[in-house]
2 protein chains.
Amino acid sequence: MVSQPKRSTPRPIVLTSHPAKFSKSIAIHWGEADPIKRGAIIGTLTTAAHRNVIGTHSGSYAVYRALAVASGKLDANHRADLTNTAPAALLHAHPAWSDPDKIVSLDPFGAIVGEVYRDLYEQGYDIKPTIAITKAHINMPELQDAIAKGRLQEDGEIMKKGGDLVVTKAAIEPVWYLPGLAKRLHVEESLLRRTLFEQTGGMFPELITRPDIKVFLPPIGGITVYIVGDPDAITDPNRSLTVRVHDECNGSDVFGSDICTCRPYLVHGIEECVQTAQQGGAGIIVYLRKEGRALGEVTKFLVYNARKRQEGGDRADAYFTRTECVAGVQDMRFQELMPDVLHWLGITRIDRFISMSDMKHDAVTRSGIEIVTRVPIPEELIPADAMVEIEAKKAAGYYTESEVLTEEALAEIKGRGLSD
Amino acid sequence: MVSQPKRSTPRPIVLTSHPAKFSKSIAIHWGEADPIKRGAIIGTLTTAAHRNVIGTHSGSYAVYRALAVASGKLDANHRADLTNTAPAALLHAHPAWSDPDKIVSLDPFGAIVGEVYRDLYEQGYDIKPTIAITKAHINMPELQDAIAKGRLQEDGEIMKKGGDLVVTKAAIEPVWYLPGLAKRLHVEESLLRRTLFEQTGGMFPELITRPDIKVFLPPIGGITVYIVGDPDAITDPNRSLTVRVHDECNGSDVFGSDICTCRPYLVHGIEECVQTAQQGGAGIIVYLRKEGRALGEVTKFLVYNARKRQEGGDRADAYFTRTECVAGVQDMRFQELMPDVLHWLGITRIDRFISMSDMKHDAVTRSGIEIVTRVPIPEELIPADAMVEIEAKKAAGYYTESEVLTEEALAEIKGRGLSD
């Protein structure tokens, strides 16, 4: 049943499209409260005339999809059968959904397209969710340990027997509203579009030729949200909310590398989430695919080598410099975009913010969300070799309750060498 | 020192390039043993005339790099300072490096560009490593547990006190040689290029306009390799080698979701690696960014909902069907490309292959690597809710030492409902 692109009848290749006088595509009015007025995001590849975005669905995985079509494994005309896929929770709209400035990097209606755009779908439009919401049980050895040590208790509902933690989770693909993104980054939209085109090596000429198309589905990783406790508590001013915003670090998150504090801080965040949920509130972990400060893992490992081999060894006072030498910047995570997911969830106040990052804190509060208490990583969770990172960050302005080291003391904080 | 793209002097935008009669770029002869004859991979954005690839470095993270340039945080002309970044190990070339068919999806010289292309770099070419190799200590609670239970021993060298495991690790960005990729997937190169362009929504028109450029740096996630023990053991026919090839599953690998066996099997693989290394061999974990069978996490969560809500509940006999309904295929991982990294490491024989996947097994053996023993996941490591997955896979031909269930018995293997 797989139809390959036909090889016998040559079909002209359209290198880039240009604005058409008449189009069958749905207009997008970003920030409209009514999803029908806002317009469905249509990244289909089956009916070009229906498209109203640049790029397509699934982020980076669109490239694998193309391989599947090329090799004849996937019918290019396949339209997702969305039976039974509707969100398992989190169906309420929030005021921020209709504020074109509060959310610019995801589609607030992305999870409920199967419901709100059912008519369009039945008319033949190929509409895909950009958000999926399910429920799960998770279990981490560190949480079992927290139970054994009495820091956490099983309650049979939020935390079940054996340390099984009940969560609601959402996967979110990036949907960029380019005028909003430009405003957020304080650049002109035309400059943003041109730079996105040129500085990716010429990805998507429609960034240039289709100024009328305002939405871009970039080929990057997305976001996962884990919610512990009752999702309704998130927006209830009388119930407490704990949040950790965590940027991917595969080396620590999965493999437990001791050069940083990523997994220990993540686990501490989950522990705090469980406690808040058990007290009647809710806890949220936001996991963003921004490996190595969005510089990628190759750059990260190059920097590790440079740090450990520099004169005087790996030192807190030279922590950020090495990254700048290799990458030209210290960080490319653009925390300015991160609060979007919090607004999508309807958050207006975070009681416990499990992060020391001033960049994250400032991005969240500037976006209009109140942070009541900041929670640093407990000292005992910091691996020995990660002291370089943590002291460098504290000296650079990260939140801490302990003393910030002097420049001399900072130079004394050393990590392991490459051959140790 | 940051130079933004100038706004005042209009500069023409080149929507796509076309083959030039004269070019200052280095020719690439894929499969040449001498890196100078093979030619450096140059994905620079500073000097267009030097480019000899489609796309640019850092996979998906090129998009964030573009944001950094657009917002004036990164000098578009920044060239990486590679001081002290050279590989911490794994510097030997292997015969497969000069076989144009054995490696088509990464650059075998990607880690040593700072050394082999030093002259070009000094002439002003902007050459970046696509592979970085460092050393690290990792520590996972499950390994500490294995020590406590006596399955693993600390030896002070491979596994240090407190369960710290010494590893050599490599991060690898995708570098696709399109003629080789086409051959591997059994399609014509022109069809592959056209489909890659069209089925991504028009990414990189140079796939069409520059048939003379054969190398593509796709904006997708890469690979991380963890090596336990002496790297020289990998190619020593007299020493044993254990390998697990693991495709990313964020929900299990990081958060311990109980719907699948990903993290338990990964940890078991590491345990096997440690044992082999302590016996004088080496162990390797290959971690590939192919979330949700390369369908992405949104599709994965949609499928979870469909599985758990279908008539009769989540059942092993309907495990693969639900993925096909949503995605059009069961799997998009293209294991055909996976053995490249094994050939890059010089592997010709795997003594213990920690995987039940027949797709992985067949891809590895077809590529000319011998697999001596296949190691299924120990029964006691399978979470209760993951029985649906494991029995469905066994029935579909995955390797097992236990009995494969009949169709009737398969229908009886049920998972938890969404609200449980």
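Every value quoted in this text rests on a predicted model; they were computed, and no experiment measured them.

> Before we move on, could you go through the interface of chain B and chain A and cite the residues and values that matter?
On the side of chain A, 132 residues touch chain B, which itself brings 132 residues to the contact. Summed over both sides, the interface between chain B and chain A buries roughly 11000 Å², with carbon and sulfur atoms accounting for 63% of that surface. When the buried surface of chain B facing chain A is broken down by residue, Tyr64, Gln199 and Phe255 of chain B rank first, second and third, together holding 8% of it. Linking chain B with chain A are six salt bridges, by the criterion used here. Taking the shortest distance from any N to any O, the salt bridge between Glu198 of chain B and Arg11 of chain A comes out at 3.2 Å. In this assembly, chain B and chain A are joined by 51 residue pairs in polar contact (both at pLDDT 80 or more).

> Got a sec to walk through the side chain of Lys300 of chain B? Specific residues and values, please.
Residues and elements named next belong to chain B. The topology assignment puts Lys300 in helix H12 (residues 297-309). With a relative accessible area of 13%, Lys300 lands in the buried category. A polar contact is formed between the side chain of Lys300 and the side chain of Glu291, at a distance of 2.6 Å. Other than its neighbours up to four places away in sequence, Lys300 contacts Cys249, Glu291 and Gly292.

> So what's going on with the sheet that holds strand S6 (residues 223-229) of chain A? Residues and values would help.
Residue and element names in this part refer to chain A. Spatially, seven strands are ordered S2-S3-S6-S8-S7-S9-S10 in an open sheet, and the strand pairing comes out mixed. Across the chains shown, the open sheet's two edge strands, defined by having one partner strand only, are strand S2 (131-138) and strand S10 (370-374). Adjacent strand axes in the sheet meet at a mean angle of 25°, parallel and antiparallel pairs treated alike. Summarising the sheet, strand S9 (residues 349-353) and S10 pair through four bridges and their orientation is parallel.

> Account for unusual backbone geometry, with residues named and values stated.
Residues and elements named next belong to chain B. Phi is positive for Ser58, which is not a glycine, with a value near 75°. Relative to the helices and strands, Ser58 resides in the loop between strand S1 (54-55) and helix H2 (62-70). Residue class for Ser58 comes out buried when judged on its relative accessible area of 11%. Look at Asn84: it is not a glycine, yet its phi comes out positive at around 70°. On the secondary structure map, Asn84 appears in the loop between H2 and helix H3 (113-116). The class for Asn84 is partly exposed, based on a relative accessible area of 32%.

> I'd like a rundown of the UniProt feature "domain: GTP cyclohydrolase II" (unreviewed entry) in chain A, residues and numbers included.
Under the present numbering, the feature "domain: GTP cyclohydrolase II" (unreviewed entry) in UniProt falls on residues 232-376 of chain A. Structurally, residues 232-376 of chain A is divided into 43% helix and 17% strand, and its ends, taken at the C-alpha atoms, are 27 Å apart.

> Go over the environment of Leu337 of chain B, please, and point to the residues and values.
Locating Leu337 of chain B in the fold gives a position in the loop between helix H13 (319-327) and helix H14 (339-344). Classification of Leu337 of chain B as buried rests on a relative accessible area of 8%. Separated by 173 residues in sequence, Leu337 of chain B and Asp164 of chain B have C-alpha atoms that sit 32 Å apart. When neighbours within four sequence positions are excluded, Leu337 of chain B is seen to be in contact with Leu67 of chain A together with Val104, Ser105, Leu181 and Arg184 of chain B.

> Any details on the sheet that holds S1 of chain B? Residues and values, ideally.
All names here are of chain B. In space, the three strands of this open sheet follow the order S1-S5-S4, with mixed pairing throughout. The open sheet is flanked by S1 and strand S4 (176-177), the only strands paired with a single partner. One ladder, built from two bridges, connects S4 with strand S5 (residues 215-217); its direction is antiparallel. Bridge assignment links Tyr177 to a residue of S5, and that residue is Val215.

> Describe the side chain of Glu389 of chain A, naming the residues involved and giving the relevant values.
All names here are of chain A. Tracing the backbone shows Glu389 in helix H16 (residues 387-395). Since its relative accessible area comes to 4%, Glu389 is described here as buried. Ignoring sequence-local partners within four residues, the contact set of Glu389 consists of Ile259, Cys260, Thr261 and Tyr319.

> A description of the pairing of strand S3 (residues 165-172) of chain A should follow, citing residues and the corresponding values.
Residues and elements named next belong to chain A. For S3, the tally of buried residues reaches seven of eight residues, placing the bulk of the element in the interior. Looking at chain direction, S2 and S3 are connected through eight bridges and run antiparallel. In the strand pairing of S3, Ala132 is matched with Ala171. Summarising the sheet, S3 and S6 pair through six bridges and their orientation is antiparallel. Within S6, the residue paired with Thr168 across the bridge is Ile227.

So, how was this worked out
- Residues numbered from 1 in each chain as written.
- Chains lettered and ligands numbered in written order.
- Predicted model: local features only at pLDDT ≥ 70, side-chain atom pairs only at ≥ 80, totals over all residues.
- Heavy atoms only, no water.
- Contact = heavy atoms within 4.5 Å.
- Buried area = accessible area lost by both parts, 1.4 Å probe.
- Salt bridge = Lys/Arg side-chain N within 4 Å of Asp/Glu carboxyl O.
- Polar contact = N/O pair within 3.5 Å; in protein donor to acceptor, adjacent residues only side chain to side chain.
- Helix = DSSP H or I, 4+ residues; strand = E, 2+ residues; numbered from the N terminus.
- Buried < 20%, exposed > 50% of the residue type's maximum accessible area, 1.4 Å probe, protein only.
- Pairing = 2+ DSSP bridges.
- Axes fitted to C-alpha atoms, helices over the stretch in contact; angles between N-to-C directions.
- UniProt positions renumbered as here; feature names shortened; annotations may be inferred.

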